[in-house]
Amino acid sequence: MSRTRTALALGMAAAAALTVASTAAHAAPSPLAGSTTVTPAGHAFKASLSGKATLKAGSVTVTCSVSVSTGSVPAAPGNHNAAGPVSSPISPPTYSSCTSSMPGVTPTVTTSGAWSVSMQNGSPITATMTVPTGGLVVHTTGLATCTVTAAPSGPASVPATWANGAPSSLTFSGASVPVTVTGGFGCPTSATSSTFNAVYLVSDTTDPAQQITVTP
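About the criteria used
- Residues numbered from 1 in each chain as written.
- Predicted model: local features only at pLDDT ≥ 70, side-chain atom pairs only at ≥ 80, totals over all residues.
- Heavy atoms only, no water.
- Helix = DSSP H or I, 4+ residues; strand = E, 2+ residues; numbered from the N terminus.
- Buried < 20%, exposed > 50% of the residue type's maximum accessible area, 1.4 Å probe, protein only.
- Contact = heavy atoms within 4.5 Å.
- Areas by Shrake-Rupley, 256 points an atom, 1.4 Å probe, with all protein chains shown as cover.
- Disulfide = S-S within 2.5 Å.
- 1 Å grid on protein atoms, 1.4 Å probe; cavity = no way out; pocket = protein on both sides within 12 Å on 5 of 7 lines; lining within 4 Å.
- Points joined across faces, edges and corners; volume = space filled by probe spheres on them.
- Nonpolar A, V, L, I, M, F, W, Y, C, P; charged D, E, K, R; others polar.
- Phe/Tyr/Trp six-rings, centres within 6.5 Å; stacked < 30°, edge-to-face > 60°.
- Core = buried A, V, L, I, M, F, W, Y, C linked by side-chain atoms within 4.5 Å.
- Pairing = 2+ DSSP bridges.

K.L.:
Sorry, what's going on with the overall build of the protein chain here?
P.N.:
Summing up its helical and strand segments, the protein chain has one helix and 16 strands in all. Counting over 216 residues, the protein chain shows a buried share of 38%. Considering only intrachain contacts with a sequence separation of at least 6, the fraction spanning at least 24 residues in the protein chain is 66%. Within the structure as shown, the protein chain displays about 11,000 Å² of accessible surface, and the carbon and sulfur contribution to it stands at 63%.

The following block contains the structure:
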């Protein structure tokens, strides 16, 4: 085969390979989120902390043993999404009985704004809690006066997993939350994110005999 014919053949083969690759790329779009249904539709729920919640910023860890939030499952048909998550507004979680890893320092946690949680059926079932801008503030007094503000620049999405049960549970494990820290000596002012760990048990308060569940 002449050099010209060989070059032509190689060029055609390369073009064919590019065409196949391009077709394959266009034929494999990102998978769509699956169907999600949260039941019972319209029922109110209460999420209560099980164990302790920790928020770690830099070398400082704040631990709280009491936390509660409430909300409602959307009424039908809003409790079902054929191609994505189902979202519910929740009350700003309250945090109390909190301690700090810094000796001689007392933390106080305040929350505000429009919080929400969304559920996406899958394996595992995933959840996302949305913290509004500046919606959680930790202020410490004592030997160190610090202020930690979560979601300082805009709403923050905090990932979690959901497990159906009696009661069902919502688990945050090593979830990253953007923060800013201000204060003097002893404050972790260089921290730009914190790590959140907590497990909440979610009960149906409209009918305690039923459970809040997430299904396709």
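There's plenty left to go through after this.
K.L.:
Got a minute to help me understand the state of the cysteines in this structure?
P.N.:
Throughout this description, disulfide means a covalent bond between two cysteine sulfur atoms. Enumeration according to the criterion identifies two disulfides in this entry. Paired by a disulfide, cysteine 64 and cysteine 98 hold their sulfur atoms 2.0 Å apart. Because the torsion about its S-S bond is 105°, the bridge between cysteine 64 and cysteine 98 counts as right-handed. Taken together, the residues span a long stretch of sequence, with cysteine 64 in strand β4 (residues 60-72) and cysteine 98 in strand β7 (residues 94-100) at a distance of 34 residues. Each of the two residues, cysteine 64 as well as cysteine 98, counts as buried. Residue cysteine 146 pairs covalently with cysteine 187 via a disulfide, S to S 2.0 Å.

K.L.:
When you look at empty space enclosed by the protein in this model, what are you seeing that I'm missing?
P.N.:
Sizing a probe to match a water molecule and rolling it over the atoms shows the empty space that remains. Evaluation of the coordinates by the stated rule reveals four cavities of 30 Å³ or more. Of the voids in this model, the largest cavity is the one considered here, and its volume is about 210 Å³. What lines the largest cavity is a set of 19 residues, and nearest its centre among them are Phe45, Ile90, Val117, Met119 and Leu170. Within the residue set of the lining of the largest cavity, elements represented by two or more residues are β2 (44-49), β6 (86-90), β9 (115-120), β14 (168-183) and β15 (193-204). No other element matches the three residues that β6 contributes to the lining of the largest cavity. Lining the second largest cavity are Leu55, Ala57, Val60, Val62, Met102, Val138, Thr140, Cys146, Thr147, Val148, Pro188 and Ser194. Listing elements by their share of the lining of the second largest cavity, those giving two or more residues are β3 (53-57), β4, β11 (136-142) and β12 (146-150). Counting residues per element, the lining of the second largest cavity draws most heavily on β12, which supplies three residues. Broken down by class, the residue content of the lining of the second largest cavity amounts to nine nonpolar, three polar and no charged.

K.L.:
Help me out: how do you make sense of the packing of aromatic side chains in this one?
P.N.:
The description of two aromatic rings rests on the distance between their centres and on the angle between their planes. Inspection of the entire model under this criterion finds two aromatic pairs. Between phenylalanine 172 and phenylalanine 196, the ring centres sit 5.2 Å apart and the planes meet at 55°, which makes this aromatic pair tilted. Here the residue phenylalanine 172 occupies a position in strand β14, and phenylalanine 196 occupies one in strand β15, the gap between them amounting to 24 residues. Like phenylalanine 172, the residue phenylalanine 196 is buried in the burial classification. Geometrically, the ring pair formed by phenylalanine 172 and tyrosine 200 is edge-to-face, given 6.3 Å between the ring centres and 85° between the ring planes. One end of the pair, phenylalanine 172, is in strand β14; the other, tyrosine 200, is in strand β15, and 28 residues separate them in sequence. The residues phenylalanine 172 and tyrosine 200 share a single accessibility class, namely buried.

K.L.:
Would you take a moment to explain the nonpolar core for this structure?
P.N.:
As a rule of thumb, nonpolar side chains are buried together in soluble globular proteins. Ranked by size, the top nonpolar core spans 50 residues in total, and within it Tyr95, Leu170, Phe196 and Tyr200 carry the most contacts. Ranked by the residues each element gives to this core, the list is headed by β14, at six residues. Discounting residues that sit within four places of it in the chain, leucine 170 has contacts with Val117, Ala127, Ala160, Thr161, Trp162, Ala198, Val199, Tyr200 and Val202.

K.L.:
So what exactly am I meant to see when it comes to the environment of threonine 195 here?
P.N.:
Among the structural elements, threonine 195 can be located in strand β15. Each C-alpha atom, one on threonine 195 and one on glycine 58, is 9.2 Å from the other, the two residues being 137 residues apart in sequence. Here threonine 195 is in contact with Thr54, Leu55, Lys56, Gly174 and Ala175, once residues within four sequence places are set aside.

K.L.:
Help me understand the sheet that holds strand β1 (residues 36-39) in this model?
P.N.:
Hydrogen bonds along the backbone pair up the strands of a sheet, which may run parallel or antiparallel. Across the sheet, which stays open at both edges, the three strands sit in the order β5-β1-β16 with antiparallel pairing between neighbours. Of all strands in the sheet, those with a lone pairing partner are β5 (80-81) and β16 (213-215), marking the two edges.

This is a description of form; function is not addressed.
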